[in-house]
Amino acid sequence: METIQDKLKVSIAYTLKEKTGRILEEVPASHPFTYIHGFNNIIPGLEDALCGRHLNEFFSVDIPCILGYGPFREDMILEVPKEELSDIGEIWLGMELEMTQDDDIREFQLPDNADDFIAGLNLDSDENEDGANSEDGDSDGIYIIKEIKKDTVIVDGNHPFAGKDLTFDVKVVAIEEPSFSELETGFPDKGGDEFDDLEDDADTFGSDFGHNPDNFNRRWR
């Protein structure tokens, strides 16, 4: 495969920078990020820029926040009583807390208050050590602990790159036919892929570029 189009598996290397030039992330060609094109699982500005690109092509693209990780939202910052998080055990700055969504509701709903936030936390035993579900990485909402006070904790549901206009320097490393299961799910298969360790480690961008598919969501984070 020589040209990126929908329903192809694409691997890219990139450097992500703020408009000031400060580097936020680097993914080398030896350990590229892999995704299935056309499934809206990376930020829209980058997916649009990748469409039609060729194998081994290098390009730079400026992406405004509205086509990246969205604007920074004050309503996604909550102050939660520390005692309500007692079931979690140890907490620390930067810890990620995952919220789950009722299966009957199609879109993730932001909690209106601390009580809603606590009620929605995923405290299942299959959580990984930093509070995110380790089963499939498809978190409905992730809140990061930003401040620990005497009696409360400040959590922030914004993506770390929310509100930022970004520049990607990208190289197209591979373009392949996806497997049947990859087309079914819209995500690269786990297992048997030399780049799996990288993808498991990061939600880079998120998980989500996006760290969920409202990828102001966290598939690349």
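Residues numbered from 1 in each chain as written. Predicted model: local features only at pLDDT ≥ 70, side-chain atom pairs only at ≥ 80, totals over all residues. Heavy atoms only, no water.

### Considering the packing of aromatic side chains
Working step 1: Taken as a whole, this structure holds 3 aromatic pairs when the rule is applied.
Working step 2: Pairing Tyr69 with Phe161 gives two aromatic rings, centres 5.6 Å apart and planes at 75°, and the pair type is edge-to-face. In this pair, Tyr69 is assigned in the loop between strand S4 (58-63) and strand S5 (77-81) and Phe161 in the loop between strand S8 (152-156) and strand S9 (166-176), connecting sequence segments 92 residues apart.
Working step 3: Residue classification places Tyr69 among the buried positions, given a relative accessible area of 3%.
Working step 4: In this structure, Arg53 packs its charged tip against the face of Phe59, placed 3.8 Å from the ring centre. (Phe/Tyr/Trp six-rings, centres within 6.5 Å; stacked < 30°, edge-to-face > 60°. Helix = DSSP H or I, 4+ residues; strand = E, 2+ residues; numbered from the N terminus. Buried < 20%, exposed > 50% of the residue type's maximum accessible area, 1.4 Å probe, protein only. Lys NZ or Arg CZ within 6 Å of the ring centre and 35° of its normal.)

### A look at the sheet that holds S5
Working step 1: Strands sit in the order S5-S8-S7-S6 across an open sheet of 4 strands; the sheet is antiparallel. Because the sheet does not close on itself, it has two edges, and the strands there are S5 and strand S6 (96-99). The mean angle between the axes of side-by-side strands here comes to 35°, regardless of whether they run parallel or antiparallel.
Working step 2: Where strand S7 (residues 141-148) lies against S8, 4 bridges are found, and the strand directions are antiparallel. When the bridges of S8 are listed, Ile145 appears paired with Val155. (Pairing = 2+ DSSP bridges. Axes fitted to C-alpha atoms, helices over the stretch in contact; angles between N-to-C directions.)

### Observations concerning the pattern of salt bridges
Working step 1: Inspection of the entire model under this criterion finds 8 salt bridges.
Working step 2: Across the pair Asp169 and Lys17 runs a salt bridge, and its minimum N-O distance is 2.9 Å. Taken as a pair, Asp169 in strand S9 and Lys17 in strand S1 (residues 9-18) lie far apart in primary sequence, 152 residues in all.
Working step 3: Note that Arg73 is salt-bridged to Asp75, the shortest N-O span being 2.9 Å.
Working step 4: What emerges from the salt-bridge pattern is a single network uniting Glu18, Arg22 and Lys164. (Salt bridge = Lys/Arg side-chain N within 4 Å of Asp/Glu carboxyl O.)

### Thoughts on the nonpolar core
Working step 1: Among the nonpolar cores identified, the biggest contains 25 residues, and Ile12, Tyr14, Leu46, Leu50, Phe168 and Val170 are the most heavily contacted of them.
Working step 2: At the level of secondary structure, the elements contributing two or more residues to this core comprise S1, strand S2 (23-27), strand S3 (33-36), helix H1 (44-50), S4 and S9.
Working step 3: In terms of residue count, the dominant contributor to this core is S9 (5 residues).
Working step 4: Grouped together as the second largest cluster of nonpolar side chains are 12 residues, Leu78, Tyr143, Ile145 and Val153 included. (Core = buried A, V, L, I, M, F, W, Y, C linked by side-chain atoms within 4.5 Å.)

### Points about the environment of Lys150
Working step 1: Locating Lys150 in the fold gives a position in the loop between S7 and S8.
Working step 2: Sequence spacing of Lys150 and Lys82 is 68 residues, and the spatial spacing of their C-alpha atoms is 8.1 Å.

### Overview of the pairing of S3
Working step 1: The alternating pattern of S3 places Phe33 and Tyr35 on one face and Thr34 and Ile36 on the opposite face, and all of these are buried.
Working step 2: Note: S1 against S3, 4 bridges, orientation antiparallel. Across the sheet, the residue bridging to Val10 is Tyr35, located in S3.

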